[in-house]
Amino acid sequence: MNKNMNSHGLATEATMPGFATIVLLLAHLLLIAPPSSSLPMCTNLRAPTISRTQLGFCTPYNGSVCCDSAEDILLQKRFQAMKIADTGCAALLKSILCARCDPFSAELFKIQSGQRPVPVLCNTANSTSSRSSESVKVAFCSTVWSTCKDVTMINSPFAPTLQGKAGSPITSHSSKLTDLWQSKRDFCDAFGGTSDDASLCFDGAPVSLKVNETVVAPRGLCLEKIGDGSYINMVPHPDGSNRAFFSNLPGKIWLATIPEQDSGEVLKLDESAPFVDLSDQILLDATFGMLGMAFHPNFSQNGRFFASYNCDKLKTPGCAGRCACNTDSNCDPAKLNTSASPEALPCRYQSVIAEFSANGTTSNISMATNANPAEVRRIFTMGLPFTNNHGGQILFGPSDGYLYFMMGDAGGRADPYNFAQNKKAIVGKILRLDVDNLPSNEEINQLQLWGNYSVPRDNPYHEDKELAREIWAMGFRNPWRCSFDAERPSYFPCADVGLDQYEEVDLVTKGGNYGWRVYEGPVLFSPQQTSSSGNRLVSSSDMIPPVLSYSHKDVNKKIGSAAITGGFFYRSHADPCMYGSYLYGDLYASDIWAAAETPKDSGSFVANKLPFSCANNSPLRCDSIPNSTLPALDYIFSFGEDNKKDVFILTQSGVYRVVRPSRCSYTCSKETLVSVTNPSPASPKNGAQLARPQAQLLGFLLPFLFLNYMHR
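The model shown is predicted, which means the values in this text are computed figures rather than measured ones.

Rules used in this analysis
Residues numbered from 1 in each chain as written. Predicted model: local features only at pLDDT ≥ 70, side-chain atom pairs only at ≥ 80, totals over all residues. Heavy atoms only, no water. Buried < 20%, exposed > 50% of the residue type's maximum accessible area, 1.4 Å probe, protein only. Helix = DSSP H or I, 4+ residues; strand = E, 2+ residues; numbered from the N terminus. Pairing = 2+ DSSP bridges. Disulfide = S-S within 2.5 Å. Contact = heavy atoms within 4.5 Å. pLDDT = per-residue confidence, 0-100. Axes fitted to C-alpha atoms, helices over the stretch in contact; angles between N-to-C directions. Parallel < 35°, antiparallel > 145°, perpendicular 65-115°, else oblique. Left-handed = near helix turned anticlockwise from the far one by under 90°. Nonpolar A, V, L, I, M, F, W, Y, C, P; charged D, E, K, R; others polar.

Asker: Explanation requested: the pairing of strand S21 (residues 502-507) in the structure shown.
Answerer: Each regular strand carries side chains that alternate between the two faces of the sheet. For S21, the tally of buried residues reaches six of six residues, placing the bulk of the element in the interior. In terms of strand pairing, strand S20 (residues 493-496) meets S21 through four bridges, oriented antiparallel. Across the sheet, the residue bridging to Cys494 is Asp506, located in S21. Here S20 hands over to S21 after five residues, the two strands then running antiparallel side by side. Examined bridge by bridge, S21 and strand S24 (residues 548-551) share four bridges and lie antiparallel to one another. Its bridge partner being in S24, Tyr502 is matched across the sheet by Ser551.

Structure below.
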């Protein structure tokens, strides 16, 4: 069976989700905005790679590193050119130069604040860093000064700027530190720093994080049911209030009010009064629909929001974009199908991002309860070579404000054209677009853009006209639900639906390659034949393994398949034992995991399958699976997060919220117990979510549409 995420807004795939055992793998993190703590990331803001050969000069760095053999040789030549006669000083300078190979070099060199010639040198003696494996017994910066202050070196990396800070290496005659700096204090004020929970400094050796932390897995996940509707997307209102937007596959968006925990109230959402109804513009079929929505960070001022959906160019005027199968991607659209019927027309079905507006509906946009369904502008239109694996989620980066678009490999069993590994193709990728600086029509044509957007200048391939400059990361089969950590926006986990063997979670970084279709999860994918298109596979050493994965054979054995649904890092204080864990689940709703990063900031995770249950005093009654204590979620379509950072699970049977563990009799030593009296569970009534006959029918049909999509 074959799996696909799809129109249902669910991790859709031919092989569906199930139960799981997680495989812990080495991972690497991402970049984007100044993080609150360091991550494995290089000075080029990319993830470290696995060294294919032993470095000859920077020998302490092997395995996951930020240098290849060519860079290692350049560092050696630079060191030799410095002509340092003193062996003690030479050893220190060698270690400082080689710090660029450290997996944490982006943080050591404070790359987000600008270029530095040397890493931040530890300048605090006997200070124990909560993130370092050992105490700094002697301030390394002081050691460098005392050892090297009277040693001559050519092209010293310790040149000052006019402001008395670390500057660029001098390129003139030899110099001593005492020629450049008046005192150790001045020197260490410029080059020194400390290591704590928020940053790292260099102490002369590769960064080693504490490994003696004990991670206690949560005892269980307690849920309350607050809504009966079936939705595939949830986005908190950008104004920071207790409101959120919910959407379904056919194309309706609702604005809902979220009740306080322990209030006994239900989700206030009236399905008879959507915020906007886009269903007449959207193709709803077994593999198509409205898959994503995103509200501009400044929505409360500009009223802009965006929808990601599918349309049929034979039925909808204006639904026509370039085909993803084209000469640039080494694909011939004429060879995609052999049938001459309209159903087989190459790239008949399109993937679209369109902009809409709530302007004009009220004087205070933040309080708008409806929007105009007329499209403001078309941001993106692309013809799909096949009818599955087209992802569709969109979200704004919390730090950069750019729009991220999760695009699957465009289907066909096992990516027959190897689109995911082709840097000229935009399918099988995560794209990063600027929707605030819009191009002219001339620029769109000249740059061969797919619509009204510009390409951020720091995208990894922005300067390469031969490659798709929209690409942020590659090597995906069908990313289904990505999110940014609310506390550390540099953590960007994405769940990627597998084919027949593995489901995975990747920590996405700039320019990262996550393996499909060379790998499925942690294992080599077979067969690896390349289609007649001529696409070539990339070296597997350039690929970043998943941080989490589980095998189909270990979950949902009755069905024999699985499909992952990505979630969120839990940042609510409702369950303090869950805080900081990454929550995710499987479509078939019998498996939910909490993954803890161990050690902290390492990019390595250990996952625990959680027991979960519904609180006895849930505002809405929870049904149970026959012969089981598990609540009947039916299918997990998506996860959501509100402005309070509470996490929600969007399922076929309704909307559930993660609540205090004690409400389900789970113990958490960190929880402060409170006494709350709630009314008995009931069906939604006045002012609550209205379960209308049409919604009930859709809830019945949706899983069948989605399952059909996933098994293509």
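Asker: Sorry if this is basic, but what is going on with the state of the cysteines here?
Answerer: The bond known as a disulfide is covalent and runs between the sulfur atoms of two cysteines. Under the criterion given, the structure shown has 13 disulfides. Here Cys482 engages in a disulfide with Cys494; their sulfurs sit 2.1 Å apart. An S-S torsion of about 120° defines the bridge between Cys482 and Cys494 as right-handed. Separated by twelve residues along the polypeptide, Cys482 in strand S19 (residues 479-482) and Cys494 in strand S20 bring together distant segments of the chain. The buried category is assigned to Cys482, whose relative accessible area is 4%. Each disulfide pairs two cysteine sulfurs, and for Cys614 the partner residue is Cys622, the sulfurs being separated by 1.9 Å.

Asker: Which parts of the structure should I look at to understand helix H4 (residues 140-148)?
Answerer: One turn of the α-helix equals 3.6 residues, which is why residues spaced by three or four share an orientation. Listed as buried for H4 are Phe140, Cys141, Ser142, Val144, Trp145 and Cys148. Where the residues of H4 are buried, they touch helix H2 (87-98), strand S3 (121-122), helix H5 (177-180), helix H6 (184-191) and strand S4 (192-193).

Asker: What's the story with the confidence of the model for the protein in this structure? I'm lost.
Answerer: Parts of the model with low pLDDT should not have their predicted coordinates read in detail. When pLDDT is averaged along the protein, the result is 85; 81% of the residues meet or exceed 70. Note that residues 530-537 has pLDDT below 50 and, in this model, 18 contacts with residues that lie over four places away or in other chains. Taken together, the stretch residues 684-688 has pLDDT below 50 and engages in nine contacts with residues farther than four places along the chain or on a different chain.

Asker: Help me understand the sheet that holds strand S27 (residues 592-597) in this model?
Answerer: Note: strands within a sheet are paired through backbone hydrogen bonds, in either parallel or antiparallel orientation. Reading across from one edge, S25-S26-S27-S28 is the order of the four strands in this open sheet, with antiparallel pairing throughout. At either end of the open sheet lies a strand with only one pairing partner, and these are strand S25 (564-569) and strand S28 (605-609). Direction aside, the axes of adjacent strands within the sheet are offset by 25° on average. Bridging between S27 and S28 involves five bridges; their strand directions are antiparallel. Bridge pairing in S28 links Glu597 to Phe605.

Asker: Explain the packing of H4 against H6 here, please?
Answerer: Any two packed helices are characterised by the angle at which their axes cross and by the distance between the axes. Relative to each other, H4 and H6 sit at 130°, their axes nearing to 10 Å. Viewed along their axes, H4 and H6 adopt a mutual orientation that is oblique. Where H4 crosses over H6, the two elements pack in a sense that is right-handed. Residue-level inspection shows Cys141, Ser142, Val144 and Trp145 of H4 in contact with H6, the latter providing Lys184, Phe187 and Cys188. Tallied by class, the residues present in the contact of H4 with H6 amount to five nonpolar, one polar and one charged.

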